[in-house]
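Single-letter residue listing:
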Amino acid sequence: VPTRFEWELEFEFVWDASDTGLAALVTAAQAGTAIQLIVTDDAIATSGTKGLNADWLIESGWELDAKLQDGQMVKMKCCPHGNSSNTPTRWLTA
């Protein structure tokens, strides 16, 4: 019997309007579209690095914590896109 995994990503970072990676995540969240992410335990160029490559869907949009000091924080929660034909969810080892 094969093992079944249920993957989920949750991350938090400082809002930076000039960050193109953050802009891509926000656009995907607002449009409800999937975005390809590769999540690894080390730099992808490092031999032996393990991780997951998938198209991810940002589940419930994104939350912006509007602090008055020390930067605004953004929280996102993602799950693999169930009907992805571009990037089938797969485990990778570099």
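Before reading on, note that the structure itself is shown above.
Since we're looking at a predicted model, the values are computed, not measured. (Residues numbered from 1 in each chain as written. Predicted model: local features only at pLDDT ≥ 70, side-chain atom pairs only at ≥ 80, totals over all residues. Heavy atoms only, no water.)

A few points about the nonpolar core
Consideration 1: With 15 residues, the main nonpolar core has Phe-13, Leu-25, Trp-56, Ile-58, Met-76 and Cys-78 as its most contacted residues.
Consideration 2: Secondary structure elements with two or more residues in this core: β1 (9–14), α1 (20–31), β3 (50–65) and β4 (73–80).
Consideration 3: Beyond its immediate stretch of four places on either side in the chain, Cys-78 contacts Glu-8, Leu-9, Phe-11, Trp-56, Leu-57, Ile-58 and Glu-59. (Core = buried A, V, L, I, M, F, W, Y, C linked by side-chain atoms within 4.5 Å. Buried < 20%, exposed > 50% of the residue type's maximum accessible area, 1.4 Å probe, protein only. Helix = DSSP H or I, 4+ residues; strand = E, 2+ residues; numbered from the N terminus. Contact = heavy atoms within 4.5 Å.)

Some thoughts on the environment of Ala-31
Consideration 1: Mapped onto the fold, Ala-31 is located in helix α1.
Consideration 2: The exposed category is assigned to Ala-31, whose relative accessible area is 52%.
Consideration 3: As for Ala-31 and Ile-58, which are separated by 27 residues in sequence, their C-alpha atoms are 9.8 Å apart.

Considering α1
Consideration 1: For α1, built from 12 residues, the straight-helix expectation of 16 Å at 1.5 Å per residue is met to within 8% by its first-to-last C-alpha distance of 16 Å.
Consideration 2: A side-chain oxygen of the first residue of α1 lies 2.8 Å from the backbone nitrogen of Gly-21; this N-cap is Asp-19.
Consideration 3: Just beyond α1, the residue with positive phi is Gly-32, at close to 70 degrees. (Expected span 1.5 Å × (residues − 1). Polar contact = N/O pair within 3.5 Å; in protein donor to acceptor, adjacent residues only side chain to side chain.)

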